[in-house]
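# Examining the three-dimensional arrangement
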Amino acid sequence: MTSPTYDVVAIGNAIVDILAQAEDSFIEEIGVAKGSMQLMFSPEEADALYGKMGPGREISGGSAANTVAGIAALGGKTAFIGQVADDQLGTVFAHDIRAAGVDFATAVRPGQPTTARCLIFVTPDGQRTMNTFLGASQFLPAAALDETLIANGAILYLEGYLWDPEEPRAAMRKAIEIARAHGRKVAFTLSDVFCISRHGDDFRQLIADGLIDILFANESELLALCAHEDFESAVAYIHGKVPLLVVTRSEKGAMALQGTERVEVPAEPIAKLVDTTGAGDMFAAGFLFGQAQGRGLRESLRLGAICAAEIIQHYGARAEADLKKLAAESVSRETL
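Residues numbered from 1 in each chain as written. Predicted model: local features only at pLDDT ≥ 70, side-chain atom pairs only at ≥ 80, totals over all residues. Heavy atoms only, no water.

### So, the overall build of the chain
Put simply, the test is: Strands here mean DSSP runs of E at least two residues long; helices mean DSSP runs of H or I at least four residues long; both are numbered from the N terminus. Atoms counted for the radius of gyration: C-alpha only. Globule rule: 2.2 Å times residue count to the power 0.38. Only heavy atoms matter for contacts: two residues are in contact if any of them lie within 4.5 Å across the pair. Exposure was quantified through the Shrake-Rupley algorithm and a 1.4 Å probe, taking into account, for residues, occlusion by the shown protein chains and nothing else.
When helices and strands are tallied, the chain shows 12 helices and 14 strands. Relative to a compact globule of 336 residues, whose C-alpha radius of gyration would be 20 Å, the chain shows 19 Å and is just as compact. Considering only contacts in the chain between residues 6 or more positions apart, those separated by 24 or more positions represent 75%. Accessible area for the chain stands at about 14,000 Å²; split by element, carbon and sulfur atoms hold 51% of it.

Laid out in C-alpha cells, this is it:
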C-alpha cells in the first residue's frame with residue numbers, strides 16, 4: 001500500500017447555500033420542523049420559497065464539502081467529488097471550493113436540473129432550518145469517480161445526505177469498494193435524523209457489513225439509528241459495531257469510542273451563538289484532520305470542538321478565522 005497523497009477525499013452534495021435570517025413565526029408559516037433539513041423536489045418549489053426569503057448570502061456549501069474545506073483550512077490536503085450543473089451556481093461552487101484549497105475536478109453536468117441549492121433560515125437562537133433542492137448533485141454517477149483520487153486518500157468521507165438519490169448512492173458504494181481495496185479508511189456521517197428515517201436500514205447494514213471505520217453522529221442521530229431513547233444505552237448498543245464512533249452533543253461537548261477507549265471533551269467556550277449551520281461539518285473537519293495527522297482521540301476531539309466553536313459564531317459554514325492559528329493557540333494553552 002502506497003502512502004496517501006490526500007488526508008481526506010470526500011464525496012457529497014455540491015450545494016450553494018443561501019442564508020437569511022428569519023423569525024420562529026416564519027418557520028411555522030412555511031410548515032417545516034425547526035432545526036431540520038427538508039428536501040424540495042422541484043426547481044419551482046425552490047424558487048417559490050426563495051421568493052419568500054429576506055436578504056440572503058450565497059456561500060458555497062454542502063456537508064462533506066464544508067468538512068474538506070475545513071480540513072484544508074487546518075493545513076490538510078483534501079479533494080472533493082460532487083456534481084454541479086453548467087450554470088452560474090455551479091461556477092460559484094467550483095470557484096469557492098477551489099479557493100478554499102480543495103482539489104475539485106468533477107466534470108460539470110450539462111442541461112437540467114440546475115446546481116443544488118440550500119435555502120437556510122437562521123432564527124434568533126442560532127438554529128438553522130434547511131430546505132434543500134438537490135438538483136444536479138443527485139445525478140453524480142459512478143462513472144464520475146476518479147479511482148486514483150480515491151485510492152490516494154487516507155480517509156474516504158461520505159455524507160448521509162447524498163444517500164437519498166439512487167445514482168450517487170451507487171457511486172458511494174463503488175467508492176467504498178475502491179477505498180477498502182486500497183486499505184484506506186471509510187468515514188461516514190449520518191447527517192440528519194430524517195436521513196435515518198429514510199435510510200436507516202441501509203446505514204445499519206453498512207455498519208453490520210464492516211464497511212464503516214469511523215461513524216459520525218450527533219446525539220439525536222445516534223438515538224434514531226439505534227432506536228433507543230437513552231444516550232448511554234445507544235452507545236452500548238453500537239459499541240463494537242464500528243471501530244470508531246464519534247458523537248457530538250452540542251453544549252455537552254463530544255465523545256469518541258474506540259475499542260475500550262472512551263474519551264469525552266467539553267464544548268469550547270464561545271462569545272455568542274450566531275448560526276449553527278455547519279457545526280457538525282466543521283467538527284468532523286477538526287477530528288478527521290487530527291486522525292489523518294496521527295493524533296489521539298482527545299486531541300482530535302478538541303480540534304473538532306475548536307472548529308465547531310469558530311463556525312457557530314458567525315453566519316455560514318466556512319471558517320472566517322484562521323483555524324490553524326486557533327488550533328495552535330489551544331494546544332499552547334493546554335500545555336501550560
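Picking up after the structure, the text goes on.
### What about the packing of helix 3 (residues 63-74) against helix 10 (residues 279-292)?
Here is the rule we go by: Orientation is described by axes fitted as lines to C-alpha atoms, over the contacting stretch for helices, and by angles from 0 to 180 degrees between their N-to-C directions. Roughly parallel here means an angle under 35 degrees, roughly antiparallel means over 145, roughly perpendicular means 65 to 115, and every remaining angle is called oblique. Crossings are sorted by hand: turned counterclockwise from the far helix by less than a right angle, the near helix makes the crossing left-handed, and turned clockwise it makes it right-handed. Basically, the charged four are Asp, Glu, Lys and Arg, the nonpolar ten are Ala, Val, Leu, Ile, Met, Phe, Trp, Tyr, Cys and Pro, and anything else, Gly included, counts as polar.
Across the interface, helix 3 lies against helix 10 with an axial gap of 8 Å and an inter-helix angle of 45°. With respect to each other, helix 3 and helix 10 are oriented oblique. Helix 10 is crossed by helix 3, and the crossing has right-handed handedness. Counted together, Ser63, Asn66, Thr67, Gly70, Ile71 and Leu74 of helix 3 and Asp281, Met282, Ala284, Ala285, Gly286, Leu288 and Phe289 of helix 10 form the full contact between these two elements. By residue class, the composition of the contact of helix 3 with helix 10 is 7 nonpolar, 5 polar and 1 charged.

### Notes on the packing of aromatic side chains
Our working rule: Working definition: rings of Phe, Tyr and Trp (its six-membered ring) pair if their centres are within 6.5 Å, and the pair is stacked with planes under 30 degrees apart, edge-to-face with planes over 60 apart, and tilted otherwise. Remark: a charge is flagged as sitting over a ring if the NZ atom of Lys or the CZ atom of Arg is within 6 Å of the ring centre and within 35 degrees of the ring normal.
In the structure shown here, the tally under the stated rule is 9 aromatic pairs. Between the aromatic rings of Phe216 and Phe287, the centroid separation amounts to 5.8 Å while the plane-to-plane angle is 85°, which identifies the pairing as edge-to-face. With Phe216 in strand 11 (residues 214-218) and Phe287 in helix 10, the pair connects residues that are 71 residues apart, well separated along the chain. Members of the aromatic cluster, joined through ring pairs, are Phe80, Phe93 and Phe104. Just above the ring of Phe231 sits the side chain of Arg249; from NZ or CZ to the centre is 3.7 Å.

### Quick word on the UniProt feature "domain: Carbohydrate kinase PfkB" (unreviewed entry) in the chain
Just so we agree on the cut-off: UniProt positions are given in the numbering used here, feature names are shortened, and annotations may be inferred rather than shown by experiment.
Following the UniProt record, one finds the feature "domain: Carbohydrate kinase PfkB" (unreviewed entry) at residues 58-319. As annotated, residues 58-319 has a helix share of 40% and a strand share of 21%, and its two end C-alpha atoms lie 15 Å apart.

### Digging into the environment of Met130
Selection criterion: Burial classes follow relative accessibility: with a 1.4 Å probe on protein chains only, a residue under 20% of its type's maximum area counts as buried, one over 50% as exposed, and anything between as partly exposed.
Here Met130 lies in strand 8 (residues 128-133). The exposure class assigned to Met130 is buried, which follows from its relative accessible area of 10%. Separated by 37 residues in the primary sequence, Met130 and Glu167 have C-alpha atoms spaced 23 Å apart. Not counting chain neighbours up to four residues away, the residues in contact with Met130 comprise Ser36, Met37, Gln38, Cys118, Leu119, Ile120 and Tyr161.

### As for the layout of surface pockets
Which entries qualify depends on this criterion: Think of a 1 Å grid over just the protein atoms. A cavity is a set of points where a 1.4 Å probe fits yet cannot get out, a pocket is an open set with protein on both sides within 12 Å along at least five of seven lines, and lining residues have an atom within 4 Å of a point. Grid points are joined across faces, edges and corners, and a volume is the space filled by probe spheres set on the points.
When its volume is computed, the second largest pocket comes out at roughly 200 Å³. In terms of lining residues, the second largest pocket is bounded by 14 residues, among which Ala69, Asp96, Ala100, Arg318 and Ala319 are the most central. Counting residues per element, the ones that place at least two in the lining of the second largest pocket are strand 4 (57-61), helix 3 and helix 4 (88-99).

### Topic: the state of the cysteines
Spelled out, the test is: The disulfide definition used here is simple: a pair of cysteine sulfur atoms within 2.5 Å.
A complete count under the given rule lists 0 disulfides for this structure. Looking at the unpaired Cys195, the closest cysteine sulfur is the one in Cys118, lying at 12 Å. Accessibility expressed as a relative area gives 0% for Cys195, which makes it buried.

### Focus: the pattern of salt bridges
Rule in force here: Here, a salt bridge means any side-chain nitrogen of Lys or Arg that lies within 4 Å of a carboxyl oxygen of Asp or Glu.
Applying the stated criterion across every chain, the model contains 14 salt bridges. Here Asp24 and Lys34 are joined by a salt bridge, their closest N and O atoms 3.2 Å apart. Here Lys34 lies in the loop between helix 1 (24-29) and strand 3 (37-40) and Asp24 lies in helix 1, a separation of 10 residues in the sequence. Under the relative-accessibility criterion, Lys34 is labelled partly exposed at 37%. If you follow the salt bridges from partner to partner, you end up with Asp24, Lys34 and Asp125 in one network.

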